[in-house]
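Read off the chains here:
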Amino acid sequence: MREKLMQIARTAGEFFSARSLSRIDQKEGHANFVTNIDREVEEYLQQALLSLVPGSRIIGEEKENDALTDAPTWIVDPVDGTTNLIHDYRCSAVSIALCENRSPVAGLIWQPYTQEMFYAEAGRGASLNGKEIHVSETPFDKALIAVGTAPYHAELAEKSMELALAFLHSCADIRRSGSAAVDLAYLAAGRLDAFFELNLKPWDYAAGSLIVREAGGVVTMPLEPGEMRYDRSTAILASGAVIAEEVRAVFDRHTGRIR
């Protein structure tokens, strides 16, 4: 199934450049867009993935969704980084997670512009183009931290910038890519050392969270109690294990008012 899943993702990525961008619509929320490419990729993925695992279900960004259950369920972002795609910024990805019993058992992020396939299976480690990957062990003061700005939620803008500034004062530098899936994949590969965003959907983080964990990292929902869940919009905080406590301490100091 792994090879078939990877081929499905590669085919989905071909839509990014091979199909012309002909329609851009505004969705609910600030600067929240959907394009004809988002819809075409999701339509293709729905057909391909449901055929790959007969009897499975799918939850996707551009469709009406049922609740997540214990049944085999695909959680899919056809284009993570739609605003990047609109601007030809070339930092967008296909994100696919297969969940069983409400948790990811396989996760894949395909970055078609760089031809990079990040993949993980629960309990079997993470890989990039077939080579095993691990999170970094960079000390916190030398860390490179990816920040998400939750752009669809204008009420979180000030807090997101406050957090970004707090991390900038504590680490080496910060980055903003415009794709949570890419940020989580890069964290798993050791290119980044931590990542946060104050509001993400399951299709933004389901695949990436598994890839980070299988690469030895830590992923939490820092504003909610209990274990990770994949049926809600929530804040996500991820890092290498070495700096996890320091990252969490900075996050906690600056999020008291939104708990």
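Residues numbered from 1 in each chain as written. Predicted model: local features only at pLDDT ≥ 70, side-chain atom pairs only at ≥ 80, totals over all residues. Heavy atoms only, no water.

Visitor: Is there a simple way to explain the sheet that holds strand E13 (residues 217–220) in this structure?
Guide: Remark on secondary structure: sheet strands pair via backbone hydrogen bonds, oriented parallel or antiparallel. On the basis of which strands lie adjacent, the open sheet formed by five strands has the order E11-E10-E12-E14-E13 and mixed pairing. Each edge of the open sheet carries a strand with a single partner, namely strand E11 (173–175) and E13. Between one strand axis and the next, the sheet turns through 15 degrees on average, direction left out of account. Two elements, strand E10 (residues 144–147) and E11, share three bridges in a ladder whose sense is parallel. Within the sheet, the bridge partner assigned to Leu144 lies in E11 and is Asp173. Sitting on the sheet, helix H4 (residues 157–170) touches E10, E11 and strand E12 (194–200), and the angle it makes with E12 is about 170 degrees. (Pairing = 2+ DSSP bridges. Helix = DSSP H or I, 4+ residues; strand = E, 2+ residues; numbered from the N terminus. Axes fitted to C-alpha atoms, helices over the stretch in contact; angles between N-to-C directions. Contact = heavy atoms within 4.5 Å.)

Visitor: Whenever I open this one, the environment of Leu223 confuses me. Can you help?
Guide: With respect to the element layout, Leu223 can be found in the loop between E13 and strand E14 (234–240). Between the C-alpha atom of Leu223 and that of Pro104, which follows or precedes it by 119 residues, the distance is 21 Å.

Visitor: Just checking my understanding: could you explain the packing of H4 against helix H7 (residues 244–253) for this structure?
Guide: Put simply, H4 and H7 touch, their axes get as near as 9 Å, and they point 140 degrees apart. Taken together, the axis directions place H4 and H7 in an arrangement best described as oblique. Seen from above, H4 lies across H7 with right-handed handedness. Within the contact between the two elements, H4 uses Leu163, Ala166, Phe167 and Ser170 and H7 uses Val247, Val250 and Phe251. In the contact of H4 with H7, the residues fall into six nonpolar, one polar and no charged. (Parallel < 35°, antiparallel > 145°, perpendicular 65-115°, else oblique. Left-handed = near helix turned anticlockwise from the far one by under 90°. Nonpolar A, V, L, I, M, F, W, Y, C, P; charged D, E, K, R; others polar.)

Visitor: Whenever I open this one, the nonpolar core confuses me. Can you help?
Guide: Among soluble globular proteins, nonpolar side chains are generally buried collectively. Among the nonpolar cores identified, the biggest contains 39 residues, and Ile109, Phe195, Tyr205 and Ile236 are the most heavily contacted of them. In this structure Tyr205 touches Leu184, Leu200, Met221, Met228, Arg229, Tyr230, Asp231, Arg232, Thr234 and Ile236, once residues within four positions along its chain are discounted. Judged by nonpolar contacts, the second largest core, of 27 residues, contains Phe15, Val53, Leu85 and Ala106. (Core = buried A, V, L, I, M, F, W, Y, C linked by side-chain atoms within 4.5 Å. Buried < 20%, exposed > 50% of the residue type's maximum accessible area, 1.4 Å probe, protein only.)

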